[in-house]
Amino acid sequence: MDLRPFIEALPKTETHLHVEGALPYELLRELDPDRFPPEPAFRRRDHRFANFPEFDRTLLQHALPWFTSAERYHVAAKRMFARQAALNIRYVETSFHLPVTQFIHVSGPEIIAAILSAVPAGMTVRVFAGMPRNAYTGQLKAVIDELVDWDDLAGVDLHGFEVMPTESWTAPVWARVRAAGKITKCHAGEFGGADRVREAIEDLGVRRIQHGVRAVEDAAVLKLAADVGATFDVCPISNVRLRVVPSMAEHPLRRLMQAGVRCTLSTDDPLCFANSLVDEYLAIASECDFNASELAALARAGWEVAEVASEERRRALGEIDRLAEGNGSH
């Protein structure tokens, strides 16, 4: 069965997306066509990054030349959101890399405003501040302490190379952010094992895990995640391209869902992976044999955690159910 029409028709959410990592590559071509070739090798579907540091260098070497001002964030976000809207993505959670504020001397609230001013009609966007595990130092320390007062900030996300330890400043900062009514996320269970997922849940109080796929290595951690109602915002193509899993066919997404863990689908860093959210759905449908019912469950999960009005959530879930019924799923 060709599931593409069904996937395209689903009202979708994207809840794990880095703004800098989602820079539309054609903007770099427009900026400097001599420097940025039409089809770089790292964007090919068969490319595998050797390790996270290589991926990180590639991303920064391509993102930083573009993101030099608030206006550049607006331009990139407008192009990115238009592309998502064309795929029937109606809700987006995206993070910007907080240290960039120090590189380009533009405040976080200015960057957030630039991103939000690019949102098209019919789409809801929540913006998060992402930061590495060693971010609480120098001038950035004061910036992090101010995050609770940024009205348009949806929350925070701890990201970067997971082999780095989670430092002692993180838990109290994350607790203050939650007390201010914002959402806390953490990258865990990607390059680190199931213990990092446990740490994010128990020590940081996080219920939104970015990736989380290696939780399958410990049944007790899977049960913990399910019991506390954690959500794993999973990016299968990223996991394959970064060698977190050997192949799409071996991706543990179904095992996570069968263990009772709520999972969503996202693209992570399309600048590096040349992927769309429809590609993610198609990949697990074709290579993991996900049926329409399972795909609908992933779409539903995104709306269940979306920060939207209850009526908007109800409409989206109802639309998903009607599409699933019409596609013969039960």
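Residues numbered from 1 in each chain as written. Predicted model: local features only at pLDDT ≥ 70, side-chain atom pairs only at ≥ 80, totals over all residues. Heavy atoms only, no water.

> Lay out the pairing of strand β6 (residues 208-211) in plain terms, naming residues and giving numbers.
Of the strand pairs in this sheet, strand β5 (residues 183-188) and β6 are connected by four bridges, and their pairing is parallel. Along β6, the bridge assignment pairs cysteine 186 with isoleucine 209. With helix α9 (residues 194-202) bridging β5 and its parallel neighbour β6, the resulting β-α-β unit is right-handed. For the crossover that starts at β6, traverses helix α10 (residues 219-228) and ends in the parallel strand β7 (residues 231-234), the hand is right-handed. (Pairing = 2+ DSSP bridges. Helix = DSSP H or I, 4+ residues; strand = E, 2+ residues; numbered from the N terminus. Right-handed = clockwise from strand over helix to strand, strands pointing away.)

> Residue-level account of the packing of aromatic side chains, with values.
Per the stated rule, a full pass over the model turns up 11 aromatic pairs. Where phenylalanine 49 meets phenylalanine 273, the ring centres are 6.2 Å apart and the plane angle is 75 degrees; that geometry is what we call edge-to-face. Of this pair, phenylalanine 49 sits in the loop between α2 (25-31) and α3 (52-63) while phenylalanine 273 is found in helix α13 (residues 270-273), placing the two residues 224 residues apart along the sequence. The same class applies to phenylalanine 49 and to phenylalanine 273, which are both buried. Seen in terms of ring centroids, tyrosine 91 and tryptophan 303 are 6.3 Å apart; in terms of plane orientation they differ by 45 degrees. Their pairing is tilted. Here tryptophan 303 lies in helix α15 (residues 292-305) and tyrosine 91 lies in strand β2 (residues 89-97), a separation of 212 residues in the sequence. Of the residues examined, tyrosine 91 reaches a relative accessible area of 0% and is grouped as buried. Among the aromatic residues, those joined into a ring-pair cluster are Phe49, Phe52, Phe55, Phe161, Phe191 and Phe273. Across the ring face of tryptophan 66, the terminal group of arginine 72 is positioned such that the distance to the ring centre comes to 4.4 Å. (Phe/Tyr/Trp six-rings, centres within 6.5 Å; stacked < 30°, edge-to-face > 60°. Buried < 20%, exposed > 50% of the residue type's maximum accessible area, 1.4 Å probe, protein only. Lys NZ or Arg CZ within 6 Å of the ring centre and 35° of its normal.)

> If you had to explain the packing of helix α14 (residues 277-287) against α15 to someone new, which residues and values would you point to?
Two numbers describe how α14 lies on α15: the axes approach to 10 Å, and their chain directions differ by 150 degrees. Judged by the angle between their axes, α14 and α15 are roughly antiparallel. As for how α14 packs across α15, the hand of that crossing is right-handed. Contact residues: Tyr281, Ile284 and Ala285 in α14; Leu295, Leu298 and Ala299 in α15. (Axes fitted to C-alpha atoms, helices over the stretch in contact; angles between N-to-C directions. Parallel < 35°, antiparallel > 145°, perpendicular 65-115°, else oblique. Left-handed = near helix turned anticlockwise from the far one by under 90°. Contact = heavy atoms within 4.5 Å.)

> Please set out the pairing of β5 residue by residue, giving values where relevant.
With six of six residues buried, β5 is to be regarded as a mostly interior element. Burial along β5 is two-sided: Ile183, Lys185 and His187 facing one way and Thr184, Cys186 and Ala188 facing the other are all buried. Where strand β4 (residues 153-159) lies against β5, four bridges are found, and the strand directions are parallel. For glycine 155, the partnering residue across the bridge sits in β5 and is isoleucine 183. What joins β4 to β5 is helix α8 (residues 170-179), and the crossover it makes is right-handed.

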